[in-house]
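# Working through the structure, step by step
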Amino acid sequence: MSEASCHHQPLQAKRRRVGGLADTLRKTDAVTSELLSDVTGEACSRFRCIPRSEYSRRIERLIQSGAWTDAVLPLLELELPQWRIRRTTYDEAEWHCALSRQRELPDWLDQSIEASHADLSLAILSAFVEVQRVSTLPAITSVPSVPRATIPLYAPMCCDNFA
């Protein structure tokens with residue numbers, strides 16, 4: 001892949017693609033190699049841009065062999081190195097996956113991203129795509145920002161008496 005194609009694309013376009021990918025994951029029943037190919041193509045900039053390393057070949061071998069969960073975990077590690085799986089649970093015929101940046105914090109202090117699906121691999125992938133979607137949203141702070149305009153509040157004037 002060329003260096004130019006590895007640069008970040010506009011955030012709005014990425015947001016649309018990742019949002020569509022999230023919808024696709026919600027509607028699908030099982031992981032396929034085509035689905036993982038779509039995920040790696042739309043939401044995985046590092047996987048697309050790394051040279052044919054042993055790491056990427058390992059992920060591709062896992063995808064080809066149908067080891068979906070085993071393929072999703074190193075993909076998550078590669079694309080979101082700061083995020084880790086905080087929790088996976090199975091409840092009422094659904095897998096719930098929570099990804100977190102700070103697993104050591106108590107649940108009530110952590111800002112984890114959660115997703116659920118009947119399939120474990122799709123629950124992890126859904127959480128992964130949700131992190132990608134949230135990371136493209138503009139940052140909103142609790143303190144309003146003031147635009148930095150350079151409007152002078154004064155007009156310079158020469159006060160020297162040259163007489």
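This structure is a prediction, so every number in the text was calculated from the model and none was measured.

With 33 residues, the main nonpolar core has Leu99, Leu125, Phe128 and Val129 as its most contacted residues. When residues of this core are traced back to their parent elements, those giving at least two are helix H1 (11-27), helix H2 (33-43), helix H4 (54-65), helix H5 (68-79), strand S2 (94-100), strand S3 (113-117) and helix H6 (120-135). Tallying contributions element by element places H6 first for this core, with eight residues. Beyond its immediate chain neighbours, meaning those up to four positions away, valine 129 contacts Val18, Leu21, Ala22 and Leu25.

With that out of the way, let us pick up the pattern of salt bridges. On inspection of all chains with the given rule, the structure shows three salt bridges. Salt-bridge contacts for aspartate 23 lead to arginine 26; the nearest nitrogen and oxygen are separated by 2.3 Å. Residue aspartate 23 and its partner arginine 26 are located together in helix H1, separated by three residues, close to a single helical turn. We note a salt bridge from glutamate 130 to arginine 133, for which the minimum N-O separation is 2.6 Å. Remark: arginine 133 and glutamate 130 occur in helix H6; sequence separation between them is three residues, near one turn of the helix. The class of arginine 133 is partly exposed, set by a relative accessible area of 26%.

Moving on: the layout of surface pockets. Quantified by volume, the second largest pocket comes out at close to 150 Å³. If you trace the second largest pocket, you find it lined by Ala22, Leu25, Arg26, Glu114, Ala115, Ser116, His117, Ser126 and Glu130. Contributions of two or more residues to the lining of the second largest pocket are made by H1, S3 and H6. When residues in the lining of the second largest pocket are grouped by element, the largest group, four residues, is from S3.

Moving on, we come to the sheet that holds S2. Sheet architecture is open: three strands sit in the order S1-S2-S3, paired in antiparallel fashion. Edge positions in the sheet fall to strand S1 (84-91) and S3, since each of these pairs with one other strand and no more. Each neighbouring strand pair of the sheet contributes to a mean axis angle of 20 degrees, computed without reference to strand direction. Pairing of S2 with S3 involves five bridges; the strand directions are antiparallel.

Now for unusual backbone geometry. Positive phi, close to 50 degrees, is recorded for glutamate 92, a residue that is not glycine. As for its placement among the helices and strands, glutamate 92 is situated in the loop between S1 and S2. Despite not being glycine, alanine 93 shows a phi value in the positive range, around 65 degrees. Structurally, alanine 93 can be placed in the loop between S1 and S2.

Bringing the side chain of serine 100 into the picture now. Following the sequence through the fold, serine 100 ends up in strand S2. Here glutamine 102 takes part through its backbone nitrogen, which lies 3.0 Å from a polar atom of the side chain of serine 100. Those residues in contact with serine 100 that sit more than four places away from it in its chain are Gln82, Trp83, Arg84, Arg86, Asp110 and Ser112.

Turning our eyes to something else, we now look at the packing of aromatic side chains. A complete count under the given rule lists one aromatic pair for this structure. Taken together, a centroid distance of 5.0 Å and an interplanar angle of 55 degrees make the contact between tyrosine 90 and tryptophan 95 tilted.

Right, let's talk about H2 for a bit. Taken as a whole, H2 has its buried residues at Leu35, Leu36, Val39, Thr40 and Ala43. The arc that holds the buried residues of H2, viewed along the axis, is 135 degrees, so those residues lie on one side.

Definitions and limits used
Residues numbered from 1 in each chain as written. Predicted model: local features only at pLDDT ≥ 70, side-chain atom pairs only at ≥ 80, totals over all residues. Heavy atoms only, no water. Core = buried A, V, L, I, M, F, W, Y, C linked by side-chain atoms within 4.5 Å. Buried < 20%, exposed > 50% of the residue type's maximum accessible area, 1.4 Å probe, protein only. Helix = DSSP H or I, 4+ residues; strand = E, 2+ residues; numbered from the N terminus. Contact = heavy atoms within 4.5 Å. Salt bridge = Lys/Arg side-chain N within 4 Å of Asp/Glu carboxyl O. 1 Å grid on protein atoms, 1.4 Å probe; cavity = no way out; pocket = protein on both sides within 12 Å on 5 of 7 lines; lining within 4 Å. Points joined across faces, edges and corners; volume = space filled by probe spheres on them. Pairing = 2+ DSSP bridges. Axes fitted to C-alpha atoms, helices over the stretch in contact; angles between N-to-C directions. Polar contact = N/O pair within 3.5 Å; in protein donor to acceptor, adjacent residues only side chain to side chain. Phe/Tyr/Trp six-rings, centres within 6.5 Å; stacked < 30°, edge-to-face > 60°. Arc of directions from axis to C-beta.

Function cannot be read off these values alone, since they describe shape.
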